[in-house]
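Chain and residue survey
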Amino acid sequence: MIRLKFGVETLSHTRLSVSPAIEAVEWLKLTATTRRHPVFGAPGPGARAALRHPDVELLVALLTAGSSSYMPDLLTPQPRPGPADKILDAQLAEIEASPQEDVDAQVLRAVPTHAGPRLPTRIRRLAESGRLPRRLAAGIARFWHDTLRDDWPSLRTVLDRDIAERSGVAARHGIGQVLDGLHPAVHWIRDSLRIDTHHEHAVDLSDHGFVLTPTALSWPTLMFQVDQASQTTVYYPAGRLGTVDRRGPVALPDVLGVTRALLLTDLGVARSTAELATRHGVAASTVSYHLGALHRARLVSRHQHGRHVLYQRTERAGSLIDSA
């Protein structure tokens, strides 16, 4: 069991916040291990292509060096207060500025403890030379740019909805009910948050703030980082991500995501990948990825027209749009 002891300072600085860094790292882990997300499916070819960048490849080597249960906290800094659209930049800057003692503790010592005696030589050399944090920050930034940047508004919609709902619970019933309702393995008991796990660890948060972060791309897993009291964060699965509310009409973006919903509604007439990319301000590779998924779902048809492939929504897609 993990026990997080709260004080007055902890409760007064408990926040809910999204974390782009954790979403990027979790999507990268899915991509590198060729696994499927239970809601979003397998990462596409764009994500797999991003693995070839040297900084991304180095990040993968670190993430896959240890057991699946351990990841250095320095990769996912606690999101700081401030505008939501600035959180990722602040996290990347914090990763790059990681103190050498954190690198020593979390990479040079903790990763071998979980992975066995051998840490990849290039990671050890970069860590010992002080150059590793900059490379890791660059890897997350590159993977984000290539795979998640265009879809972040859709993910944010899901995460912000969860934050709004839990904020409402806090207003009506108090923060204790929010803490007790995060996950079946999380319990608020008197002055402590207790997490059911095979790890045994206690953290005194009396002089520190605390952040609750809903996650989409690690859904439905509960995660936590407790290496440092000042960085303590609980990542809980965003509510209602894996379900559809059947009590009324379903919003198309909630089913498909914002980008695919926009593309589908724009395909009442046949259009090419390049035209769609221009019309929606999205990279052509991203459009191609989403069109491929819509085609596999039989929501768009495609046919050759001269040198171009044109896409148009099917009757099945039309029915989905009408019902939404």
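Below, the structure is looked at part by part. (Residues numbered from 1 in each chain as written. Predicted model: local features only at pLDDT ≥ 70, side-chain atom pairs only at ≥ 80, totals over all residues. Heavy atoms only, no water.)

Each helix and strand counted, the chain has 15 helices and eleven strands in total. Its C-alpha atoms give the chain a radius of gyration of 21 Å, near enough to 20 Å, the size a compact globule of 324 residues would have. By its C-alpha atoms, the chain is 65 × 50 × 35 Å across when sized along the principal axes. Counting contacts in the chain only where the partners sit at least 6 residues apart, residues at least 24 apart contribute 68% of the total. Counting every atom, the chain has about 15900 Å² of accessible surface; 52% of that belongs to carbon and sulfur. (Helix = DSSP H or I, 4+ residues; strand = E, 2+ residues; numbered from the N terminus. Rg over C-alpha atoms; globule rule 2.2 N^0.38 Å. Contact = heavy atoms within 4.5 Å. Areas by Shrake-Rupley, 256 points an atom, 1.4 Å probe, with all protein chains shown as cover.)

Where helix 5 (residues 87-96) contacts helix 8 (residues 132-148), the two axes come as close as 7 Å, and the packing angle between them is 155°. Viewed along their axes, helix 5 and helix 8 adopt a mutual orientation that is roughly antiparallel. Judged by residue contacts, Leu-88, Leu-92, Ile-95 and Glu-96 of helix 5 engage Pro-133, Arg-134, Leu-136, Ala-137, Ile-140, Ala-141 and Trp-144 from helix 8. Residues of the contact of helix 5 with helix 8, tallied by class, amount to nine nonpolar, no polar and two charged. (Axes fitted to C-alpha atoms, helices over the stretch in contact; angles between N-to-C directions. Parallel < 35°, antiparallel > 145°, perpendicular 65-115°, else oblique. Nonpolar A, V, L, I, M, F, W, Y, C, P; charged D, E, K, R; others polar.)

Taken together, four strands build an open sheet; the order of strands is 3-4-1-5 and the sheet is mixed. The sheet is open, and its two edges are formed by strand 3 (186-189) and strand 5 (201-204), each paired on a single side. Neighbour-to-neighbour, the strand axes of this sheet turn through a mean angle of 15°, independent of strand direction. Two strands pair when backbone bridges link them, and strand 1 (residues 2-5) and strand 4 (residues 192-195) are joined in this way by four bridges, in the antiparallel orientation. In the strand pairing of strand 4, Ile-2 is matched with Ile-195. (Pairing = 2+ DSSP bridges.)

Right, let's talk about the sheet that holds strand 9 (residues 271-272) for a bit. With antiparallel pairing, the three strands of this open sheet are ordered in space as 9-11-10. Of all strands in the sheet, those with a lone pairing partner are strand 9 and strand 10 (300-305), marking the two edges. Both strand 9 and strand 11 (residues 308-313) contribute to a ladder of two bridges, which runs antiparallel. In the sheet register, Arg-271 faces strand 11, and the bridge partner there is Tyr-311. Across the sheet, helix 14 (residues 284-296) lies against strand 10 and strand 11, angled at about 115° from strand 10, the strand it touches most.

Our focus in this paragraph is the pattern of salt bridges. Using the criterion set out here, one finds 13 salt bridges in the structure. Of the charged contacts, one joins Asp-191 and Arg-3 as a salt bridge, the two residues approaching to 4.0 Å between their closest N and O atoms. Of the two residues, Asp-191 sits in the loop between strand 3 and strand 4 while Arg-3 sits in strand 1, which places them 188 residues apart along the sequence. For Asp-191, a relative accessible area of 31% translates into the label partly exposed. Two residues, Glu-26 and Lys-29, come together in a salt bridge whose shortest N-O distance is 3.2 Å. (Salt bridge = Lys/Arg side-chain N within 4 Å of Asp/Glu carboxyl O. Buried < 20%, exposed > 50% of the residue type's maximum accessible area, 1.4 Å probe, protein only.)

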